[in-house]
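# Descriptive analysis of the structure
Here are the chains, one letter per residue:
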Amino acid sequence: MSETTAFMPLTDLVAAFEAKDLSPVDAVTTAYRRIDRHETDLNAFCHLLDEGAALAAAREAERRWAQGAPAGPLDGVPITVKDALLATGWATLRGSKLSDADTPDSEDSPAVARAREAGAILIGKTTMPEFGWKGVTDCPLSGITRNPWDLATTPGGSSGGSAAALAAGIGNAAIGTDAGGSVRIPGSFSGLVALKATYGRIANYPPSAAGSLGHIGPMTRTVADAALMLNVMARPDARDPANLPHDGRDWREGIEDGIDGLRVAFSPTLGYARVDPEVAALAADAARALERLGARVETVEEPFEDPSACFRVHFFSGISHALRNATPEQRALIDPGILPILEQARAIGRTEYMEAIDARVAFSRSARLFLESWDVLVTPTLAVPPFEAGVLSPDGYDRENWMEWSPFTYPFNLTGQPAISVPCGFTAGGLPVGLQIAGQYHDEATVLRTARAYEAAHPTTARRPPLA
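These remarks concern the structure in this document. (Residues numbered from 1 in each chain as written. Predicted model: local features only at pLDDT ≥ 70, side-chain atom pairs only at ≥ 80, totals over all residues. Heavy atoms only, no water.)

## Observations concerning the side chain of glutamine 417
To be explicit about the condition: Segments assigned H or I by DSSP are reported as helices when at least four residues long, segments assigned E as strands when at least two residues long, and all are numbered from the N terminus. Between buried and exposed lies partly exposed: a residue is buried under 20% and exposed over 50% of the maximum accessible area for its type, with that area taken using a 1.4 Å probe on protein chains only. Definition of a polar contact: a pair of N or O atoms within 3.5 Å, with one able to donate and the other able to accept a hydrogen when the atoms are protein atoms, and with sequence-neighbouring residues admitted only if both atoms are side-chain atoms. Pairs of residues are marked as contacts when any of their non-hydrogen atoms sit within 4.5 Å.
Structurally, glutamine 417 can be placed in the loop between α13 (411–415) and β12 (419–426). Accessibility expressed as a relative area gives 1% for glutamine 417, which makes it buried. One polar contact links glutamine 417 to threonine 415, side chain to side chain, over a distance of 2.8 Å. Beyond its immediate chain neighbours, meaning those up to four positions away, glutamine 417 contacts Lys196, Ala197, Thr198, Ala367, Leu371, Phe412, Gly439 and Tyr441.

So this is what it looks like as structure tokens:
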């Protein structure tokens, strides 16, 4: 059968449903045919909805579209959700053998609930590293997840299963989590758009192990799709006391307005990153492209100090807290890479932790003050292109520190500012590279508008991974 829907942007797919040119049955059938064909190579799923149940839901959505009464803006759209989030009927495993696989969840996390209310069909939950501790996706529970652009490479993490599935044409959007870059890292490695909105914009429950570093974010094929998903996911939920007030705005409005006169700071290294030459060249080309589109672009070598030590204290303490009750027998079952983190976290005393809180406040203040002079800050999303699957870091970087090759993402988890990754080209070997655009607090609108302006001038959606 035709697989027209496999790589179709979400907004186009919904328009085709409304026009009755395509049916949700087409989209769901395509998703499962591609699962049959590619899942063995990708290893992107830890739970799958029975195909019969998915098709029954698609037929109900088809009926609603035919009557002109869709359940919501995602009615009949097949999506995936990272296994860090609750989804009724499936146990949340978080990539760990320590999880209770026999007790399914009895409620949905807020973003999952909002997607279902909008009519989305959740076809499966996707793989992640254990407790989301690293920027690649492999774990003792589900093994190695691979990148459809090159199966020898990682799709990134920790929302790597979501990225691998979406990049391979399985589903039309994905929901991930991001405590240090975990939607933007796989977004960059997998040629996708990935948005981390302002902290609190999308309700988060249960709380992230990383505390207020944790965000929820959409992964999509286009910026307009990310805006549509933000519309859905940003609806309120009282289970998260940090959830921002909902103003009912449509985040798609204004994204086509262009960036003439926009004040853009471009920082190729943030003053401390060591960036692969191909990545650096593509990011610099993208910055020049923004200037050609009318933005006022200036290179800023060091907009703020390196916050890695501060981030490490907060992030490692969160992972340690999640595993605080593990017995020696259970510790033997976890990813060995976590053990040094647990040891480092145990050495963090009360004084050092409180100093890290002070340092985070000071860093957030400096980032906010910096962006008072600029509308957006643009950087590479990552310092490297996709590298070998199954390892923590590429050659030439610290083999035990994923933050060294992801120095651009975690600063904005500390601050809570919005940041998006958009594809900005390919290496000579055909691997995707991302551009990160970070904005002022609560100003997702300018971040989306900037991303869309770049995307419109440099579209990549026509290019398919070799796996396709």
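Anyway, onward from the coordinates.
## Quick notes on the packing of aromatic side chains
Formally: A pair of Phe, Tyr and Trp rings is counted when the ring centres sit within 6.5 Å of each other, with Trp represented by its six-membered ring. The angle between the planes then sorts it: under 30 degrees is stacked, over 60 is edge-to-face, the rest tilted.
Scanning the entire structure with this criterion turns up 12 aromatic pairs. Measuring from ring centre to ring centre gives 5.0 Å for phenylalanine 304 and phenylalanine 363, while their planes differ by 80 degrees; the resulting arrangement is edge-to-face. You can see phenylalanine 304 sitting in the loop between β10 (296–299) and α9 (308–322) and its partner phenylalanine 363 sitting in helix α12 (residues 350–370), a full 59 residues away along the chain. Taken as a pair, phenylalanine 304 and phenylalanine 363 share a single burial class, namely buried. Measuring from centroid to centroid gives 5.9 Å for phenylalanine 315 and tryptophan 402, while their planes differ by 75 degrees, and the two rings are edge-to-face. Of this pair, phenylalanine 315 sits in helix α9 while tryptophan 402 is found in the loop between β11 (376–380) and α13, placing the two residues 87 residues apart along the sequence. Since its relative accessible area comes to 3%, phenylalanine 315 is described here as buried. You can call tryptophan 402 buried: its relative accessible area is 5%. Following the ring pairs from residue to residue traces out a cluster consisting of Phe311, Phe315, Trp402 and Tyr410.

## A word on the nonpolar core
Where we set the bar: Among buried residues, the Ala, Val, Leu, Ile, Met, Phe, Trp, Tyr and Cys ones that are joined through side-chain atoms within 4.5 Å form a nonpolar core.
Ile175 and Trp405 are the most contacted members of the largest nonpolar core, which totals 115 residues. Among the elements that line this core, the one with the most residues is helix α7 (residues 223–233), at nine residues. In this structure, isoleucine 175 is in contact with Ile79, Thr80, Val81, Lys82, Leu85, Ala111, Ala115, Ser162, Ile216, Gly217, Met229 and Met233, ignoring residues within four places of it in sequence. Of all hydrophobic cores here, the second largest spans 18 residues; its members include Ile35, Ala164, Ala165 and Leu467.

## Side note on empty space enclosed by the protein
This is how the line gets drawn: Only protein atoms enter the 1 Å grid, on which a cavity is a set of points fitting a 1.4 Å probe that cannot get out and a pocket is an open set with protein on both sides within 12 Å along at least 5 of 7 lines, lining residues being those with an atom within 4 Å of a point. Grid points are joined across faces, edges and corners, and a volume is the space filled by probe spheres set on the points. Residue polarity follows a fixed list, in which Ala, Val, Leu, Ile, Met, Phe, Trp, Tyr, Cys and Pro are nonpolar, Asp, Glu, Lys and Arg are charged, and the others, Gly among them, are polar.
Throughout the structure, instances matching the rule amount to seven cavities of 30 Å³ or more. By volume, the largest cavity amounts to about 160 Å³. In terms of lining, the largest cavity is formed by 15 residues, of which the most central are Gly191, Leu192, Arg221, Thr461 and Arg463. Looking at the lining of the largest cavity, the elements with two or more residues in it are α5 (160–167) and β12. Volume-wise, the second largest cavity comes out at about 60 Å³. Together, Ala197, Thr198, Tyr199, Gly200, Arg201, Ile202, Asn204, Gly214, His215, Ile216 and Asp240 line the second largest cavity. Residues belonging to the lining of the second largest cavity are distributed by class as follows: four nonpolar, five polar and two charged.

## Quick look at the pattern of salt bridges
Which entries qualify depends on this criterion: The salt bridge definition used is simple: a Lys or Arg side-chain nitrogen within 4 Å of an Asp or Glu carboxyl oxygen.
According to the stated counting rule, one finds 25 salt bridges in the structure shown. Across the salt bridge formed by aspartate 375 and arginine 263, the nearest N and O atoms sit 3.1 Å from each other. Linking aspartate 375 in the loop between α12 and β11 with arginine 263 in strand β9 (residues 263–266), this pair joins segments that are 112 residues apart in sequence. By relative accessible area, aspartate 375 is classed as buried at 18%. Arginine 399 is the salt-bridge partner of aspartate 395, the closest N and O atoms lying 3.2 Å from each other. We classify aspartate 395 as exposed; its relative accessible area is 66%. The structure contains a network of salt bridges with shared partners spanning Glu107, Arg114, Glu117, Asp237 and Arg239.

## A closer look at the packing of α9 against α12
Note the following rule: All axes here are fitted lines through C-alpha atoms, helices being fitted over the stretch that makes contact, and every angle between N-to-C directions spans 0 to 180 degrees. These descriptions rest on fixed angle ranges, namely under 35 degrees for roughly parallel, over 145 for roughly antiparallel, 65 to 115 for roughly perpendicular, and the rest for oblique. Left-handed is the label given to a crossing in which the near helix is rotated counterclockwise from the far helix by less than a right angle, and right-handed is the label when the rotation is clockwise.
Taken N-terminus to C-terminus, the directions of α9 and α12 make an angle of 120 degrees; their axes are 9 Å apart at the nearest point. By the angle between their directions, the pair α9 and α12 is classed as oblique. Every pair of crossing elements has a handedness; the one defined by α9 and α12 is left-handed. When α9 is examined against α12, the residues Cys310, Val313, His314 and Ser317 are found in contact with a partner set consisting of Glu352, Tyr353, Ala356, Ile357, Ala359 and Arg360. Here the contact of α9 with α12 is composed, by residue class, of six nonpolar, two polar and two charged.

## Digging into α9
Here is the rule: Expected helix span is given by 1.5 Å per residue-to-residue step, counting one fewer step than there are residues.
The end-to-end C-alpha distance of α9, which contains 15 residues, comes to 21 Å, matching closely the 21 Å that a straight helix rising 1.5 Å per residue would cover. Summarising burial for α9: 11 of the 15 residues are buried, a large majority. All of the buried residues in α9 are Ser308, Cys310, Phe311, Val313, His314, Phe315, Phe316, Ser317, Gly318, Ile319 and Ser320. Along its buried surface, α9 packs onto α11 (338–346), α12 and α13.

## Notes on the sheet that holds strand β3 (residues 121–126)
Under the convention used in this document: Only strands that DSSP links by at least two bridges are regarded as paired with each other.
Pairing in this open sheet of 11 strands is mixed, and the strands run β1-β3-β2-β6-β8-β7-β12-β13-β11-β9-β10 from one edge to the other. On the outer flanks of this sheet lie β1 (45–48) and β10, each paired with one strand and no other. On average, each strand axis in the sheet is tilted by 25 degrees relative to the strand beside it, whichever way the strands run. Two elements, strand β7 (residues 193–196) and β12, share three bridges in a ladder whose sense is antiparallel. What sits directly across from leucine 195, in β12, is isoleucine 420. Across the sheet, α7 lies against β6 (174–178), β7, β8 (215–220) and β12, angled at about 140 degrees from β8, the strand it touches most.

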